[in-house]
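# A closer look at the structure
Listed below, chain by chain, are the residues.
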Amino acid sequence: MFWSLALLAYLLGSLSFAIVLSRLSGSPDPRSSGSGNAGATNMLRLAGRKLAILTLLGDLCKGMLPVLLARLAGLDQQEQAWVGVCAVLGHLFPIYFRFQGGKGVATAAGMLMALYFPAALLAIGAWLLTFYLTRTSSLAALIATPLTLPLLAWREPEALLPMTVLTLLIVWRHRNNLRDLFAGRERHF
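Residues numbered from 1 in each chain as written. Predicted model: local features only at pLDDT ≥ 70, side-chain atom pairs only at ≥ 80, totals over all residues. Heavy atoms only, no water.

### Describing the layout of surface pockets
There is about 1200 Å³ of room inside the largest pocket. Together, 49 residues line the largest pocket, and Ala40, Thr41, Val105, Trp127 and Ser137 are the ones closest to its centre. Contributing elements (two or more residues each) for the lining of the largest pocket: helix H3 (40-47), helix H4 (49-72), helix H6 (105-115), helix H7 (117-134), helix H8 (137-155), helix H9 (160-173) and helix H10 (175-183). Among the elements that make up the lining of the largest pocket, the one with the highest residue count is H6 (seven residues). For the lining of the largest pocket, a count of residues per class yields 22 nonpolar, 17 polar and ten charged. (1 Å grid on protein atoms, 1.4 Å probe; cavity = no way out; pocket = protein on both sides within 12 Å on 5 of 7 lines; lining within 4 Å. Points joined across faces, edges and corners; volume = space filled by probe spheres on them. Helix = DSSP H or I, 4+ residues; strand = E, 2+ residues; numbered from the N terminus. Nonpolar A, V, L, I, M, F, W, Y, C, P; charged D, E, K, R; others polar.)

### A word on the environment of Asn177
Among the secondary structure elements, Asn177 is positioned in helix H10. The exposure class of Asn177 is buried, given its relative accessible area of 10%. Spatially, the C-alpha atoms of Asn177 and Phe99 are 20 Å apart, while their sequence positions differ by 78 residues. Non-local contacts of Asn177, meaning those with residues more than four positions away in its chain, are made with Lys103, Ser138 and Glu186. (Buried < 20%, exposed > 50% of the residue type's maximum accessible area, 1.4 Å probe, protein only. Contact = heavy atoms within 4.5 Å.)

### Examining the pattern of salt bridges
Scanning the entire structure with this criterion turns up three salt bridges. A salt bridge links Asp29 to Arg31, with the nearest nitrogen and oxygen atoms 2.7 Å apart. Accessibility expressed as a relative area gives 24% for Asp29, which makes it partly exposed. Between Lys62 and Asp59 there is a salt bridge, with the nearest N and O atoms lying 3.4 Å from each other. (Salt bridge = Lys/Arg side-chain N within 4 Å of Asp/Glu carboxyl O.)

### So, the packing of H3 against H4
Contact geometry for H3 and H4: axes closest at 7 Å, N-to-C directions at 160°. Classified by the interaxial angle, the pair formed by H3 and H4 is roughly antiparallel. The element H3 and its partner H4 pack so that their crossing is right-handed. Between H3, through Ala40, Met43, Leu44 and Ala47, and H4, the contact on the second element is made entirely by Arg49, Leu51, Ala52, Thr55 and Leu56. Each residue belonging to the contact of H3 with H4 can be placed in one class, and the counts come to seven nonpolar, one polar and one charged. (Axes fitted to C-alpha atoms, helices over the stretch in contact; angles between N-to-C directions. Parallel < 35°, antiparallel > 145°, perpendicular 65-115°, else oblique. Left-handed = near helix turned anticlockwise from the far one by under 90°.)

### Section: the side chain of Thr145
The topology assignment puts Thr145 in helix H8. Residue Thr145 is classed as buried on the basis of its relative accessible area of 11%. Side-chain polar atoms of Thr145 contact the backbone oxygen of Ala141, separated by 3.0 Å. Setting aside anything within four residues of it in sequence, one finds Thr145 in contact with Thr167 and Ile170. (Polar contact = N/O pair within 3.5 Å; in protein donor to acceptor, adjacent residues only side chain to side chain.)

### Quick word on unusual backbone geometry
We note that Arg98 has phi near 50°; this positive angle belongs to a residue other than glycine. Of note, Arg98 is situated in the loop between helix H5 (77-92) and H6. Its identity as a non-glycine residue notwithstanding, Phe99 has a phi of 60°, on the positive side. One can find Phe99 in the loop between H5 and H6. With relative accessibility at 47%, the residue Phe99 sits in the partly exposed group.

Read these as layout, nothing more, since geometry by itself doesn't imply function.
What follows is the structure in structure tokens.
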């Protein structure tokens, strides 16, 4: 059951709401416009608030649903977390869109909402505060995601290894943003 749900999670994660919504609305492809990222932040820049919110909701749900299905199937906490990681991997490297996806932040947030809600609240709060203070989405993500690890180590240690892998993936996907942050060239809202 674990491998079936992991594959389903990857395939569901591969549905890029930013790309699909941009095609349906006639907006520019987010992978080749704006920041080049297929996510809600770039959709806000390119297509406006409505499509950005729809992208965010879709990305949250595709992270949440596989974890909830894994829980219903009786998988343990660590297996649920790995299923969630597979959904994020689908978002990062979507099979339907030549493996050119987003950065996985909203999908990871959806995964955390289903896995351990207090960690999701911590990440969302840290993201909102950092974004409010800096107006920089990438910095907010780079701060929020690692902040969940100590809480998970304390309260849900079974989920720590998958979340550590996920955090490293998200930091790796933000490597160009890190370079731009250190050089003072990162985009702000």
